[in-house]
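Each chain, letter by letter, is given below.
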Amino acid sequence: MQSTPQEPSFDSLLAGVSSQLLSASARRVDAAIRRAVAAIGKHYGVDRVDIRRFNADRSETNLLSGWTSSDDIGVSADLRNDEAPWASSMVLRGQVVSVCCLEDMPGGAGAGRMLMREDGLEAVLLVPIKHDDAPYGAVVLACKTKYVWTDEIIAEVKELGELIATAHTRARLLGQLWTSEARLRAIVEEQTEFVVRFLPDGTMTWVNDAYCEYLAQAREKLIGTSFIALMAPDSGEDLIESFQESMSDKPTRTDEISVTQSSGRSAWQRWTTKGIFNLSGDLIELQSLGRDITDRKAAENALRKSESRHRDLVDNIADWIWEVDLDFRVLYSNARVQDMLGYSVEEMRGQSIIDLLHPDGLEAGQEFLKKQLVEPVGWEQAMVRLRHNDGGYRVMQSNGRPKFDNAGNLVGFRGIDRDVTEAAKAQDEILRRSEFQQLLAELSTNILIAPVEDTIRLVNEEFQHLCKRYDFFSANLWTVGDKRNTAKRRAGWRNPSKISKAPSDIYSRDELPWFVSRMLSDDVLR
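Within every chain, residues take consecutive numbers counted from 1 along the sequence as written. Local features are withheld for residues below a pLDDT of 70 in this predicted model, meaning they are given only at 70 or higher, and side-chain atom pairs are given and counted only at 80 or more; totals for whole chains, interfaces and linings count all residues. Computation of side-chain values covers all heavy atoms of the structure but excludes hydrogens and water.

A. Structural detail: the overall build of the protein. Scanning the protein from N- to C-terminus turns up 18 helices and 19 strands. Each residue is placed in one exposure class: buried if its accessible area under a 1.4 Å probe, protein chains only, is under 20% of its type's maximum, exposed if it is over 50%, and partly exposed if it falls in between. Scored against the burial criterion, the 526 residues of the protein give a buried share of 42%. In the protein, of all internal contacts separated by at least 6 residues, the share reaching a separation of at least 24 is 50%. All accessible areas in this document rest on Shrake-Rupley with a 1.4 Å probe, and a residue is counted as covered only by the protein chains that are shown. For the protein, the exposed area adds up to about 28,300 Å²; of that, 50% sits on carbon and sulfur atoms. Working definition: helices are DSSP H or I runs of at least four residues, strands are E runs of at least two. Numbering for both runs from the N terminus. Any pair of residues with heavy atoms lying within 4.5 Å of one another is described as a contacting pair.

Structure, rendered in structure tokens:
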């Protein structure tokens, strides 16, 4: 009769398995699990090791990874509960199945006994494992000969199995994130605007295709070089310092810069930059959304130089050119307003710009325009939301200049607006994904490396960070009770200033039938 071999200590085995799983990338975690399973089999001197995972309805277990000491031992990839009902029912109840020899199996375990004989096995151990307090599956150890499964072996196997379950689940979640990131990146690549990610010292970490094509350089040559040097080659250090100072007070800034391209041509670019911070509030990266505005700058200069040239340009320019009186009613509009706001030139004439402002910006907009009447200095790159003819709103980048008569009296304003709605949406989505990925990575790391006994405390702390980060009232982790008729709160955090009375930690199906039933059916509650 076999027993645990006195080879490497369990601590050495656990350290080796942990190191492999934690250092493996999400794409290589399956290979790391296979190596871990083989190490477990050799350590305990058994003939077969399976890591089995429940399917969605827990009607069967699927083979996550397996190892055998020889090719003559059979392995079943999927095993329905009705194929081994006695063992399956015990595992589902969280009970260990320990069979030292076939003779020890009870009379009701005939199906399981037959499976073992078919595979040439004499002893088997099934240890249920959980992940996030929910049944995950089981670790199976089996031998061709009799084997004494001690309590120490069972405890060790359980710890190893749950470590593997955690690593596999984490890799699966990261894989889903990578898939989402790939989809988002594909959207970014289709943007005509330039997108650049760079470190606080100006080193570029990523650029999109549009920027590569604009500079006529490969992405590989740009990454790792200085973005600041491209923006301001003569004042790079000053610009870096300016970025770092401004990000601490206002995490978004806009710059219009004049650059000299490699061809010797002068060009203007407009960059909107937003800082990306970690949970500690430290600036770790920046993202800029830019575009070439040389044509727009040329148009603005032409407006100041010649009214006649202005009339020729406005019929072909891609932006909306307008003129308003002192009541901010439209006196002139080019035809581009039809594409941007859905109004014809005739409909726009006499229309009050104030009436088109979004309600959220109405008060601030009125105050801003009143100040312009007192001190007419104009404005540049003002972001404003205007109502479209279909009832929606478009984000416009507005530039305006005061208009005076021959006597020097203010008679109105004229300017040029550009529709940047889609660009604004794209940048907001990119930044939201980046912040979420950073948050998830930090939460996962903190919990995975902590001792098991600290898990609930750390989960509660991370829930508190999550609520404060997104201004949630509360965040809770609920699990289904053993008899599947109650929902129990395992961990969470509630904002005492927003929730005066803490809810119960356990709800039955009778108390909250909709809530508990939806949990049992794995539906998302919104």
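After that view of the structure, there is still more to cover.
B. The arrangement of the state of the cysteines in detail. Note on disulfides: each one is a pair of cysteine sulfur atoms within 2.5 Å. Going through the model one piece at a time under the given rule, you end up with zero disulfides. Cysteine Cys100 is unpaired, with the sulfur of Cys101 as its nearest cysteine sulfur at 6.7 Å. By relative accessible area, Cys101 is classed as buried at 5%.

C. Molecular detail of the packing of helix α1 (residues 10-23) against helix α2 (residues 29-44). Every angle, taken between N-to-C directions, lies between 0 and 180 degrees, and every axis is a line fitted to C-alpha atoms, over only the stretch in contact when it is a helix. For the pair α1 and α2, the least separation of the axes is 9 Å and the interaxial angle reads 170°. The angle between α1 and α2 places the two elements in the roughly antiparallel class. Taking contact as the criterion, the partners of Phe10, Leu13, Val17, Gln20 and Leu21 in α1 are, on α2, Ala32, Ile33, Arg35, Ala36, Ala39, Ile40, His43 and Tyr44. Partitioned by chemical class, the residues of the contact of α1 with α2 number 10 nonpolar, two polar and one charged. Each angle receives one of four descriptions, namely roughly parallel if under 35 degrees, roughly antiparallel if over 145, roughly perpendicular if within 65 to 115, and oblique otherwise. Residue type decides the class: Asp, Glu, Lys and Arg count as charged, Ala, Val, Leu, Ile, Met, Phe, Trp, Tyr, Cys and Pro as nonpolar, and the leftover types, Gly among them, as polar.

D. How the structure looks around the confidence of the model for the protein. Values of pLDDT, which run from 0 to 100, indicate the predictor's confidence residue by residue. When the pLDDT values of the protein are averaged, the result is 81; 79% of them are 70 or greater. Per-element averaging of pLDDT across the protein places helix α11 (residues 307-314) at the bottom with 61 and helix α14 (residues 353-356) at the top with 94.

E. How the structure looks around the packing of aromatic side chains. Ring pairs are drawn from Phe, Tyr and Trp, using the six-membered ring of Trp, whenever the two centres fall within 6.5 Å, and their geometry is named by plane angle: stacked under 30 degrees, edge-to-face over 60, tilted for the rest. With the rule as written, the count across this model stands at 12 aromatic pairs. Arranged with centres 5.5 Å apart and planes meeting at 90°, the rings of Tyr211 and Trp271 form a pair that is edge-to-face. Of this pair, Tyr211 sits in helix α6 (residues 209-215) while Trp271 sits in strand β10 (residues 266-277), and the two are 60 residues apart along the sequence. Residues Trp322 and Trp379 carry aromatic rings whose centres are separated by 6.1 Å and whose planes lie at 15° to one another, so their mutual orientation is stacked. Taken as a pair, Trp322 in strand β12 (residues 320-324) and Trp379 in strand β14 (residues 379-387) lie far apart in primary sequence, 57 residues in all. We classify Trp322 as buried; its relative accessible area is 6%. Taken together, Phe194, Phe198, Tyr211, Tyr214, Phe227 and Trp271 form an aromatic cluster joined through their ring pairs. The lysine or arginine in question, Lys297, covers the ring of Trp268, its NZ or CZ lying 4.5 Å from the ring centre. Only when the NZ of Lys or the CZ of Arg is both within 6 Å of the ring centre and within 35 degrees of the ring normal is a charge said to sit over the ring.

F. Representation of the pattern of salt bridges within the structure. Think of a salt bridge as a Lys or Arg side-chain nitrogen and an Asp or Glu carboxyl oxygen that are within 4 Å of each other. Scanning the model with the defined rule gives 21 salt bridges in all. In this structure, the salt-bridge partner of Arg296 is Glu300, at a minimum N-O distance of 3.2 Å. One end of the pair, Arg296, and the other, Glu300, are both in helix α10 (residues 294-305), four residues apart, so they sit about a helical turn from each other. Connected through salt bridges with shared partners, the residues Arg48, Asp50, Arg52 and Asp119 form a single ionic network.

G. Region of the structure containing the nonpolar core. Within this scheme, the nonpolar core is defined by two criteria: the residues are buried Ala, Val, Leu, Ile, Met, Phe, Trp, Tyr or Cys, and they are joined through side-chain atoms within 4.5 Å. By size, the foremost hydrophobic cluster in this structure holds 38 residues, and its most contacted members are Tyr44, Val46, Leu141, Tyr147, Trp149, Leu160 and Ile164. If you list the elements that add at least two residues to this core, you get α1, α2, β1 (48-54), β5 (123-131), β6 (134-143) and α5 (151-189). If we skip the residues at most four places from it in the chain, Val46 touches Gly41, Trp67, Ser69, Leu141, Ala142, Cys143, Tyr147 and Trp149. Listed in part, the 22 residues of the second largest apolar core include Phe194, Leu215, Ile228 and Leu286.

H. Region of interest: a nonpolar patch on the surface. A cluster of nonpolar side chains, namely Leu326, Leu373 and Val374, defines an oily patch on the protein surface of about 270 Å² accessible area. Mapped onto the fold, Leu373 is located in helix α15 (residues 359-374). Residues forming no salt bridge and having over 30% relative accessible area are the ones grouped into patches, like charges within 9 Å of each other and nonpolar side chains (Val, Leu, Ile, Met, Phe, Trp, Tyr) within 5 Å.

I. View of the sheet that holds strand β2 (residues 60-68). Overall, antiparallel pairing links the six strands, which are arranged β3-β2-β1-β6-β5-β4 in an open sheet. The outermost strands of the open sheet, each flanked by one partner alone, are β3 (78-80) and β4 (97-99). The sheet shows a mean angle of 25° between the axes of neighbouring strands, taken without regard to direction. Across six bridges, the pairing between β1 and β6 is antiparallel. Its bridge partner being in β6, Arg52 is matched across the sheet by Ala138. Lying on the sheet, α2 is in contact with β1, β2 and β6; it crosses β2 at an angle near 65°. Most of the contacts of helix α3 (residues 85-92) go to β4, to which it runs at about 135°, and overall it touches β1, β3, β4, β5 and β6. When DSSP finds two or more bridges between a pair of strands, those strands are recorded as paired.

J. Seen up close, unusual backbone geometry. In the Ramachandran plot, Asp132 falls in the positive-phi region, its phi being about 55° despite a non-glycine side chain. Looking at the element boundaries, Asp132 is found in the loop between β5 and β6. By relative accessible area, Asp132 is classed as exposed at 52%. Residues other than glycine seldom take positive phi values, yet Gln381 does so here, at roughly 50°. Residue position: Gln381 is located in strand β14.

K. Looking closely at the environment of Ser65. Counting through the fold element by element, Ser65 comes out in strand β2. Look at Ser65 and you get buried, because its relative accessible area is 5%. Sequence separation of Ser65 and Ala38 is 27 residues, and the distance between their C-alpha atoms is 9.6 Å. Ignoring any residue separated from it by four or fewer positions in sequence, one finds Ser65 in contact with Ile33, Arg34, Val37, Val49, Asp50 and Ile51.

L. Representation of the pairing of strand β11 (residues 283-292). Strand direction decides the pairing type here: strand β7 (residues 194-198) and β11, joined by five bridges, are antiparallel. Within the sheet, the bridge partner assigned to Phe198 lies in β11 and is Leu286. When β10 meets β11, the two strands line up antiparallel, connected through nine bridges. Bridge pairing links Phe277 to Leu283 in β11. Between β10 and the antiparallel strand that follows it, β11, lie five residues; Gly281 among them carries a positive phi value of about 85°.

M. Inspection of the sheet that holds β12 at higher detail. Here five strands make up an open sheet; going across it, the order is β13-β12-β16-β15-β14 and the pairing antiparallel. Only two strands of the sheet have a single partner each, and these edge strands are β13 (330-333) and β14. Between one strand and the next, the sheet's axes are offset by a mean angle of 30°, whatever the strand orientation. Direction of pairing for β14 relative to strand β15 (residues 393-404): antiparallel, over a ladder of seven bridges. Bridging across to β15, Ala382 finds its partner in Ser398.

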